[in-house]
Amino acid sequence: MTSNQSENLYDIAIIGGGPVGSALALALKNSKLKVCVIEARQADLPSADARALALSCGSRLLLERLGVWHQMQDVSAIRTIHISQKQSFGRAVLRATEMKVPELGYVLPYPVLQDALTNALKKSTVTTIYGANVTQLAGESEYAVIAYQQNDVEHTLHARLAVVSDGGKLLVQQFPPSYHDYGQSALITHVTCAAPRADTAFERFTPQGPVALLPYKDGYEIVWTAPHERAAEMLGWNDAQFLSELHQHFGDRVGEFLTVGTRTCYPLGLKKAPDQSPMPHTVLLGNAAQTMHPVAGQGFNLGLRDAWDLAQVILDSQLEALGTEEMLTSYCSRRRLDREAGIRFTDSLVRLFSNDLPVVGAARAATLTALDCLPFAKRFVAKRMMFGANG
Ligand SMILES: Cc1cc2nc3c(=O)[nH]c(=O)nc-3n(C[C@H](O)[C@H](O)[C@H](O)COP(=O)(O)OP(=O)(O)OC[C@H]3O[C@@H](n4cnc5c(N)ncnc54)[C@H](O)[C@@H]3O)c2cc1C
């Protein structure tokens, strides 16, 4: 390695400073390791991502440890979750008091989370390289070699461990993930209504896909899933038609819908990398490792646990062991149970609750009734949603 190359040698290079990559960098901020984050977004350009995220109690605890939770002003609490299905009986209600926790979860816009993490990174010793698009990654015997473009100039750096947290684009051609298209898109927007129920989130399953209302400020963040063509049609409705169709689709639990914000659509599928460490000195994290349907609000929550566990494995490793096969195998096996359980839980919910076969409808109703009546079943589901399978 030349002296120029060793200047550009990092212990950990994180490709993608989204919420998961940034969380990993923050978890390493007090170590002596040389860490960098390479992010395509320009510095100081706020994220324009429109989605709202439901965060679990477990995520709150991790964000507190990272020192960012109390920096976020605009967070709403969820204390009750109401689950039902359209055109059928059976419903379940989960309450924070029954679970003996102050809140079941929280709602906040993606940019609020992203800004808090980015601001915390600015105050740390982590090197941040913004406006930098990683174009190539190669795992060699001793290091990973990363090529990126910034202001039309090509740069290269080496890392003992390259963490790919880019949401799942860079390595997709080279190492294609398994993919299941649910045939659905999620339309997201903010609505206000006549009778909002404070701190209550609603998950309503319908044959065309689930619709979720997450309490936020004066109304609800909506995640309305529908077949791709229908979702494209819904984007084109005027506000009055949208509000009336939503009322018809969701029912009368929060009264009439009054106003609607900007609408955005995301196609939904289950993407899973078969190997979280597809080449030497490289590991996939967050959405780059698994992208899930948002029905159970698991994607970021799982990605944050990925980041936290990877940080612990890194901090427990000797410098020379960073990025070795042994270290990466240890990380992957530590994450296996939680990752598989999160994917299975979300995928089963979508499959069980998004079709209109009569037999399945009866099974769904029975499942919801059992969930509502059996305290241990409620505790199991609530604990899984709050803390994951390792919780
Ligand atoms: C509609 C919807 C609703 C959702 N709701 C929830 C929810 O309620 N709860 C929940 O837990 N999860 C939810 N999710 C999932 C959640 O949004 C993701 O799991 C989370 O954003 C993943 O974070 P990430 O950092 O892994 O990836 P991303 O958020 O995709 O961030 C990737 C980052 O990498 C950067 N990047 C990409 N390519 C490059 C490159 N080549 N070079 C440099 N940088 C690059 C990007 O600019 C970006 O900043 C939802 C998802 C959708 C679509």
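Scroll up a little and you will see the structure.
What counts and what doesn't
- Residues numbered from 1 in each chain as written.
- Predicted model: local features only at pLDDT ≥ 70, side-chain atom pairs only at ≥ 80, totals over all residues.
- Heavy atoms only, no water.
- Core = buried A, V, L, I, M, F, W, Y, C linked by side-chain atoms within 4.5 Å.
- Buried < 20%, exposed > 50% of the residue type's maximum accessible area, 1.4 Å probe, protein only.
- Contact = heavy atoms within 4.5 Å.
- Near = heavy atom within 4 Å.
- Polar contact = N/O pair within 3.5 Å; in protein donor to acceptor, adjacent residues only side chain to side chain.
- Areas by Shrake-Rupley, 256 points an atom, 1.4 Å probe, with all protein chains shown as cover.
- Helix = DSSP H or I, 4+ residues; strand = E, 2+ residues; numbered from the N terminus.
- Pairing = 2+ DSSP bridges.
- Axes fitted to C-alpha atoms, helices over the stretch in contact; angles between N-to-C directions.
- Salt bridge = Lys/Arg side-chain N within 4 Å of Asp/Glu carboxyl O.
- Parallel < 35°, antiparallel > 145°, perpendicular 65-115°, else oblique.
- Left-handed = near helix turned anticlockwise from the far one by under 90°.
- Nonpolar A, V, L, I, M, F, W, Y, C, P; charged D, E, K, R; others polar.
- 1 Å grid on protein atoms, 1.4 Å probe; cavity = no way out; pocket = protein on both sides within 12 Å on 5 of 7 lines; lining within 4 Å.
- Points joined across faces, edges and corners; volume = space filled by probe spheres on them.
- Phe/Tyr/Trp six-rings, centres within 6.5 Å; stacked < 30°, edge-to-face > 60°.
- Lys NZ or Arg CZ within 6 Å of the ring centre and 35° of its normal.

Q: For the nonpolar core, give the residues involved together with the corresponding values.
A: Membership of the largest hydrophobic core comes to 49 residues, with the highest contact counts inside it found for Ile12, Leu24, Leu63, Leu66, Val163, Leu310 and Ile314. With residues up to four places along the chain from it excluded, the contact list for valine 163 reads Ile12, Ala13, Ile14, Ile15, Leu24, Val283, Leu285 and Leu310. By size, the runner-up hydrophobic cluster in this structure holds 24 residues, among which are Ile81, Leu94, Val107 and Val295.

Q: I'd like a description of the site of the ligand, backed by residues and values.
A: Glu39, Arg51, Ala54, Tyr110 and Asn287 are the nearest of the 30 residues found near the ligand. Note that a nitrogen atom of the ligand is positioned 3.5 Å from one of the backbone N or O atoms of glycine 299. Contact with the protein chains hides 90% of the accessible area of the ligand, taken as 1,000 Å² for the molecule alone. Looking at the shell around the ligand, the elements that each hand over two or more residues are α2 (19-27), β2 (35-39), β3 (52-56), β9 (132-139) and α8 (299-315).

Q: Pulling in residues and values, what's your account of the sheet that holds β3?
A: Adjacent strands of a sheet pair through backbone hydrogen bonds, lying either parallel or antiparallel. The strand order across the open sheet formed by 3 strands is β3-β7-β4, and the pairing between neighbours is antiparallel. The open sheet is flanked by β3 and β4 (76-78), the only strands paired with a single partner. In this sheet, adjacent strand axes meet at a mean angle of 30° when their direction is disregarded. Note: β4 against strand β7 (residues 105-109), 3 bridges, orientation antiparallel. Note that in β7 the partner of isoleucine 78 across the bridge is glycine 105. Lying over the sheet, helix α3 (residues 57-65) contacts β3 and β7, oriented at roughly 90° with respect to β3. Here helix α5 (residues 110-122) sits on the sheet and contacts β3 and β7; the angle it forms with β7, its principal contact strand, is near 85°.

Q: Any details on the pattern of salt bridges? Residues and values, ideally.
A: As enumerated under the stated definition, the model contains 18 salt bridges in all. Residue glutamate 39 is joined to arginine 41 by a salt bridge in which the shortest nitrogen-to-oxygen separation is 3.4 Å. Of the charged contacts in the structure, one is a salt bridge between aspartate 338 and arginine 305, with a shortest N-O distance of 2.7 Å. Residue aspartate 338 is located in helix α9 (residues 325-353), and its partner arginine 305 is located in helix α8; the two are separated by 33 residues in the primary sequence. Arginine 305 shares its class with aspartate 338; the two are buried.

Q: Help me get a handle on the packing of α2 against α8, residues and values and all.
A: Remark: α2 packs on α8, axes separated minimally by 9 Å, with the N-to-C direction vectors making an angle of 30°. Classified by the interaxial angle, the pair formed by α2 and α8 is roughly parallel. Regarding α2 and α8, the two cross each other, and that crossing is right-handed. Facing Pro19, Val20, Ala23, Leu24 and Ala27 of α2, the residues of α8 in contact are Phe300, Gly303, Leu304, Ala307, Trp308, Leu310, Ala311, Ile314 and Leu315. Residue composition of the contact of α2 with α8, grouped by class: 13 nonpolar, 1 polar and no charged.

Q: Any details on the pairing of strand β10 (residues 144-150)? Residues and values, ideally.
A: A regular strand places its side chains so that they alternate between the two faces of the sheet. β10 sits mainly inside the fold: 5 of its 7 residues count as buried. As paired strands, β9 and β10 are joined by 7 bridges and run antiparallel to one another. Its bridge partner lying in β10, leucine 137 is registered against isoleucine 146. Connecting the antiparallel pair β9 and β10 is a turn made up of 4 residues. One ladder, built from 7 bridges, connects β10 with strand β11 (residues 153-164); its direction is antiparallel. By the bridge assignment for β11, alanine 147 is matched with threonine 156. Following β10, the chain reverses through 2 residues before pairing antiparallel with β11; asparagine 151 in that reversal takes a positive phi of roughly 50°.

Q: Go over the side chain of histidine 293 with me, naming the residues and quoting the values.
A: Mapped onto the elements of the fold, histidine 293 is located in the loop between β19 (290-291) and α8. Here glutamine 184 takes part through its side chain, which lies 2.8 Å from a polar atom of the side chain of histidine 293. Polar side-chain contacts of histidine 293 include one of 3.0 Å to the backbone nitrogen of valine 295. Excluding its chain neighbours within four sequence positions, the residues that come into contact with histidine 293 are Tyr182, Gln184, Pro210, Thr225, Leu268, Gly269, Thr346 and Val350.

Q: Before we move on, can you summarise empty space enclosed by the protein with the specific residues and values?
A: Summed over the entire model, instances satisfying the criterion amount to 1 cavity of 30 Å³ or more. Taken as a whole, the largest cavity encloses approximately 150 Å³ of empty space. In terms of lining, the largest cavity is formed by 19 residues, of which the most central are Gly168, Val172, Pro177, Leu284 and Ala288. Grouping the amino acids of the lining of the largest cavity by side-chain chemistry returns 10 nonpolar, 5 polar and 4 charged.

Q: Tell me about the packing of aromatic side chains, and name the residues and values.
A: Under the criterion given, the structure shown has 7 aromatic pairs. Taken together, the ring pairs connect Phe202, Tyr220, Phe250 and Phe257 into an aromatic cluster. Across from the ring centre of tyrosine 10, 4.6 Å away, lies the NZ or CZ of lysine 34, which sits over that ring.

Q: Help me get a handle on the side chain of aspartate 11, residues and values and all.
A: Examined against the element boundaries, aspartate 11 turns out to sit in strand β1 (residues 9-15). On the accessibility criterion, aspartate 11 (9% relative accessible area) is buried. Of the polar contacts made by the side chain of aspartate 11, one reaches the backbone nitrogen of lysine 34; its length is 2.7 Å. Reaching out from aspartate 11, the side chain makes a polar contact with the side chain of arginine 160 at a distance of 2.9 Å. Beyond its immediate sequence surroundings of up to four residues, aspartate 11 is in contact with Leu33, Lys34, Ala159, Arg160, Leu161, Leu319 and Leu322.

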